[in-house]
Amino acid sequence: MMNASSNPNSIMSTTQQASGLKTYFKTPEGRYKLKYEKTHPSGLLHYNLGKSVTQVTLAHLKDKPVHAMSSSSSSIGISSGVKSAAAKFLGGGNGSRALSFVGGNGSSKSSSGVSKVGSLGTSYTNSYTPNLNFDGKGTYLIFNVGDAIFISDLNSQDKDPIKSIHFSNSNPVSHAFDSDAKDGHDLLIGLNCGDVYSVSLRQQLQDGGKKLVGAQHYNKDGCVNNSRCTGIAWVPNGDGIFVVAHADGNMYVYEKSKEGSGDPSFPVIKDQTQFSVSHARYSKNPISRWHICQGSINSIAFSSDGGYIATVGRDGYLRVFDFKTEQLICGGKSYYGALLCCTWSMDGKYILTGGEDDLVQVWSMEERKIVAWGEGHNSWVSGVAFDSYWSAPNTDGTGESIVYRFGSVGQDTQVLLWDLEMDELVVPMRRAHGGSPTMSTGSQSAHWDQTYPAGTLRPAPSMRDVPKLSPLVVHRVHTEPLSGLIFTQEYVLTACREGHIKIWTRPNSSNDGQSTASDSLSGTGFKEKPLFSGKVGSLGYRQ
């Protein structure tokens, strides 16, 4: 008979109780319960964690392609593995892009069959020992901690990862996955030194070692840009085109069918404050350079159709570009400080941003301005994501009322859930001369009146000019600042900057309204909010 000390769920509940954390939180549709946790091996040296910020990528491997090589013939050379790259996949179209500043160096021993890649010190091998237990499909979590990439099986309750890939002299800080890659390479890894690798996730899982296998190397030794890689993404439906953002304000476009590195011969940037695009003179990677801003680009995100790309940066601006025409469409300033993260709604109508002003901004592509501010975090907002799997109950049977559910995480260790219903937005009013300062008097605020031509960045609006949202749920989920949030059909995933990931199950008929032993340990994490807050609409879930 299993005692409490050997039961993983009991251990997890006890740990949660000791840290003052709750094991579930409530929403009007039911309870979200903590199912299990993922993390890095306990032996990872603490100095490797000090400056690291964990980013999480969800990777779904489909059935092994018919043309895939068998394990008996999987000893491949670099020439057969470098012709492909990967594309971006963030689980249900929800990207939670954490700002990735990491530090610390690990060590890596060379072994037979391993060759060093330039002066970087990262190593990969031409051949590998196959893992015969790997069946070629599944859903995996890819996350970076210190000088390593870790891979965990999402559907396994094992806390430790099933695979680690170690780097030396530079740390992995960004990654992206494409579940629909047409050829082997489906995973991109960007490093703190600016170098980028593309690899096959399946091949890494089949290999028993701790080095990259069959890697294609871009921006080798920082030959194109030696500043930190701050974001990496694949163009949806882009046929192998990917984008890499850097800390110096530049963004580069690569094409997997071209050589991995070369002299792009881009012209000198004359005005660091102005957006500009330059194309390579020769048919090599990168194929173009976009100078976005002065200072770091902190996060990038594509609309689901790949038509637009959003960037946020150290200067506090959201910028939205037409990726095909390479034109700035719209954008604007945060209320205060840098913006750290951004994401799109699945229909491409709205963009979420978060940053140092502790606010979640909701941008409308149709109106090209901020249409709501989410107030509820007590520190910087480090991750935002739309929940494309959640559907609101239809209150009138017409199906016309559209409600968006989204979430945010911050350095205050909390996850917040929000409901956005545009029909319920109450537009702030300007106080008429000599009139009452109520919403029923005066004209619409200047933010809503004023229009800007295409390609113009808006200044930050006044706090009184934008509708405010109150969170539906406020729940402390970790003891360390949070860095990422992902929604899937069955789970909600939260990650802290130290490399600990929690998987929360969505409400269902079997646990709605039921209390469990672990529930009673911690009570509820649901904070009820009024339907309306102050003078503006609080777009909470309608019960």
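Keep in mind it's a predicted model, so treat the numbers as computed, not measured.

1. Focus on the overall build of the protein chain
Secondary structure summary: the protein chain contains five helices and 37 strands in total. For the protein chain, buried positions account for 57% of its 543 residues. Counted over contacts in the protein chain with a minimum sequence separation of 6, partners at least 24 positions apart contribute 63%. Summed over its atoms, the accessible surface of the protein chain is roughly 22,200 Å², and 48% of this surface lies on carbon and sulfur atoms.

2. Looking at the packing of aromatic side chains
According to the stated counting rule, one finds 20 aromatic pairs in the structure shown. Geometrically, the ring pair formed by Phe25 and Trp504 is tilted, given 5.4 Å between the ring centres and 55° between the ring planes. Placement of the pair is Phe25 in strand S1 (residues 24-27) and Trp504 in strand S35 (residues 501-505), with a sequence separation of 479 residues. Each member of the pair Phe25 and Trp504 is classed as buried.

3. Some details on the UniProt feature "repeat: WD" (unreviewed entry) in the protein chain
Residues annotated by UniProt as "repeat: WD" (unreviewed entry) correspond here to residues 297-331 and 332-373. Secondary structure across residues 297-331 comprises 0% helix and 66% strand; the distance between its end C-alpha atoms is 14 Å.

4. Description of unusual backbone geometry
Of all residues except glycine, most have a negative phi; of all peptide bonds, most are trans. Note the cis peptide between Asn285 and Pro286, where omega equals -5°. Assignment of secondary structure puts Pro286 in the loop between strand S17 (276-279) and strand S18 (288-291). We note that Asp221 has phi near 55°; this positive angle belongs to a residue other than glycine. Tracing the backbone shows Asp221 in the loop between strand S13 (216-218) and strand S14 (229-234). Asp221 gets classed as partly exposed once you look at its relative accessible area, which sits at 38%. For Asp358, which is not glycine, the phi torsion reads 65° and is therefore positive.

5. Quick word on the pattern of salt bridges
Within the structure shown, the criterion is met by eight salt bridges. Glu29 serves as the salt-bridge partner of Arg405, at 2.9 Å between the closest nitrogen and oxygen. Taken together, the residues span a long stretch of sequence, with Arg405 in strand S28 (residues 403-410) and Glu29 in the loop between S1 and strand S2 (30-38) at a distance of 376 residues. Asp315 is the partner of Arg319 in a salt bridge, and the nearest nitrogen-oxygen pair spans 2.8 Å. The class of Arg319 is buried, set by a relative accessible area of 8%. A relative accessible area of 22% means that Asp315 is categorised as partly exposed.

6. Quick notes on the environment of Asn298
Inspection of the secondary structure assignment puts Asn298 in strand S19 (residues 297-302). Taking the C-alpha atoms as reference, Asn298 lies 5.4 Å from Leu340; in sequence the two are 42 residues apart.

7. Details of the pairing of S1
Direction of pairing for S1 relative to S2: antiparallel, over a ladder of four bridges. Paired with Lys26 across the strands is Arg31, a residue of S2. Hairpin connection of S1 to S2: two residues between the antiparallel strands.

8. Let's talk about the sheet that holds strand S31 (residues 468-469)
Strand pairing in a sheet relies on backbone hydrogen bonds, with the paired strands running either antiparallel or parallel. Read from one edge to the other, the open sheet built from five strands follows the order S23-S24-S25-S26-S31, with strand pairing classed as mixed. Taken across any chain shown, the strands that pair with only one partner, and hence form the sheet edges, are strand S23 (339-344) and S31.

9. What to know about the environment of Trp344
Position of Trp344 relative to the elements: it lies in strand S23. Trp344 sits 41 residues away from Ala385 along the chain, and the two C-alpha atoms are 7.8 Å apart. A polar contact of 3.0 Å, which involves the side chain of Trp344, links it to the backbone oxygen of Ala301.

10. Quick look at the side chain of Arg289
For Arg289, the location among the structural elements is in strand S18. Although buried, Arg289 forms no salt bridge, and the nearest oppositely charged side chain, Asp248, lies 8.1 Å from it. Polar side-chain contacts of Arg289 include one of 2.9 Å to the backbone oxygen of Pro267. Setting aside its immediate chain neighbours within four residues, Arg289 contacts Asn250, Met251, Tyr252, Phe266, Pro267, Ile269, Ser276, Val277 and Ser278.

11. Considering the side chain of Gln204
In this structure, Gln204 sits in helix H3 (residues 201-206). Overall, Gln204 belongs to the buried group, its relative accessible area being 0%. Discounting chain neighbours no more than four positions away, the residues touching Gln204 are Lys163, Ile165, Val199, Lys211, Leu212 and Val213.

12. A closer look at the sheet that holds strand S7 (residues 148-153)
Strand order in the open sheet made by the four strands is S3-S6-S7-S8, with antiparallel pairing throughout. In this open sheet, the two strands that pair with only one neighbour each are strand S3 (56-61) and strand S8 (163-166). Averaged over all pairs of adjacent strands, the angle between their axes in this sheet comes to 20°, without regard to strand direction. In this sheet, strand S6 (residues 138-145) lies alongside S3 in antiparallel orientation, the contact comprising six bridges. Looking at the pairing, His60 lines up with Thr139 of S6.

13. Some points on the environment of Cys496
Considering the arrangement of structural elements, one finds Cys496 in strand S34 (residues 491-496). Discounting chain neighbours no more than four positions away, the residues touching Cys496 are Thr54, His478, Glu480, Pro481, Leu482 and Ser483.

Conventions we followed
Residues numbered from 1 in each chain as written. Predicted model: local features only at pLDDT ≥ 70, side-chain atom pairs only at ≥ 80, totals over all residues. Heavy atoms only, no water. Helix = DSSP H or I, 4+ residues; strand = E, 2+ residues; numbered from the N terminus. Buried < 20%, exposed > 50% of the residue type's maximum accessible area, 1.4 Å probe, protein only. Contact = heavy atoms within 4.5 Å. Areas by Shrake-Rupley, 256 points an atom, 1.4 Å probe, with all protein chains shown as cover. Phe/Tyr/Trp six-rings, centres within 6.5 Å; stacked < 30°, edge-to-face > 60°. UniProt positions renumbered as here; feature names shortened; annotations may be inferred. Salt bridge = Lys/Arg side-chain N within 4 Å of Asp/Glu carboxyl O. Pairing = 2+ DSSP bridges. Polar contact = N/O pair within 3.5 Å; in protein donor to acceptor, adjacent residues only side chain to side chain. Lys, Arg positive; Asp, Glu negative; His and termini not counted. Axes fitted to C-alpha atoms, helices over the stretch in contact; angles between N-to-C directions.

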